[in-house]
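# Structural overview for review
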Amino acid sequence: MLSARSTVCSRPTVQSRASYATGRPLTATRPARRSLASRMVTRAADKGAVLEDTRSIIAEQLGKELGDVRPESKFVDLGADSLDTVEIMMALEEKFSLQLDEQGAEKIETVQQASDLISKQIDSK
């Protein structure tokens, strides 16, 4: 009679030529992929994409609908206080992987001005 142990068969493993020669399995390491949108925005200042991302971040930070955040909208008119403005700038810096100039950031009053400053810094990279 066959035991349960004898009916189990193991499958042979297949190794690539490189791993067979070294005796170690190959591990593929690849840098983390960024999303297509992220790559497009950071490679060239696509001003339309920068504006849309800027509007989206501002809307999220202030709890507003995206349609309420227009390019000509002033932060104050959207209900942002100074702390909100700082948080928006930090979120924009993180999104676009850049450091906004403090003097330039202090002068920003509208969504379009924020977008233009980001586009300018992306172009200067």
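Now for a quick tour of the structure. Everything numeric here is computed off the predicted structure, so don't read it as measured data.

About the cut-offs
- Residue numbers run consecutively from 1 along every chain, following the written order of its sequence.
- Totals for whole chains, interfaces and linings use every residue, but because this is a predicted model, local features are given only for residues with pLDDT of at least 70 and side-chain atom pairs only at 80 or more, for both listing and counting.
- With hydrogens and water stripped out, all remaining heavy atoms of the structure feed into the side-chain values.
- Counting from the N terminus, the helices are the DSSP runs of H or I reaching at least four residues and the strands are the DSSP runs of E reaching at least two.
- For every residue, the accessible area (1.4 Å probe, protein chains only) is compared with the maximum for its type, and the residue is labelled buried under 20%, exposed over 50%, or partly exposed between those bounds.
- Residue contacts follow a heavy-atom distance rule, with two residues in contact if any of their heavy atoms lie within 4.5 Å.
- Nonpolar cores are built from buried Ala, Val, Leu, Ile, Met, Phe, Trp, Tyr and Cys residues. Side-chain atoms within 4.5 Å join them into one set.
- Note on definitions: salt bridges are taken to be side-chain nitrogens of Lys or Arg within 4 Å of carboxyl oxygens of Asp or Glu.

Along the backbone of the protein chain there are 7 helices and 0 strands. In the protein chain, the succession of α and β elements from N to C terminus is α-α-α-α-α-α-α. Going through the 125 residues of the protein chain one by one, you find that 33% of them count as buried. Within the protein chain, residue pairs in contact and separated by at least 24 positions form 56% of the contacts whose partners lie at least 6 positions apart.

All right, on to the nonpolar core then. Membership of the largest hydrophobic core comes to 25 residues, with the highest contact counts inside it found for Ile58, Phe75, Met89, Leu92 and Ile118. Listed by contribution, the elements that provide at least two residues to this core are helix H4 (47-62), helix H5 (82-96) and helix H7 (111-124). Apart from residues lying up to four places away in sequence, phenylalanine 75 is in contact with Ile58, Ala80, Thr85, Met89, Ile108, Glu109, Thr110, Val111 and Ala114.

The subject of this paragraph is the environment of lysine 120. Residue position: lysine 120 is located in helix H7. Measuring from C-alpha to C-alpha, the distance between lysine 120 and alanine 45 comes to 7.6 Å, with 75 residues separating the pair along the chain.

Attention now moves to the pattern of salt bridges. All told, the structure shown has 3 salt bridges when counted by the stated rule. A salt bridge links aspartate 53 to lysine 95; the shortest N-O distance between them is 4.0 Å. Highlighted residues: aspartate 53 in helix H4 and lysine 95 in helix H5, separated in sequence by 42 residues. Judged by relative accessible area, which is 32%, lysine 95 ranks as partly exposed. Across the pair arginine 70 and glutamate 72 runs a salt bridge whose closest N-O atoms are separated by 3.2 Å. In this structure arginine 70 comes out as partly exposed when scored by relative accessible area, which is 43%. According to the relative accessible area criterion, glutamate 72 is exposed, its value standing at 52%.

By the secondary structure assignment, serine 115 is in helix H7. You can call serine 115 buried: its relative accessible area is 1%. Residues contacting serine 115, with those up to four places away along its chain left out, are Lys47, Val50, Leu51 and Thr54.

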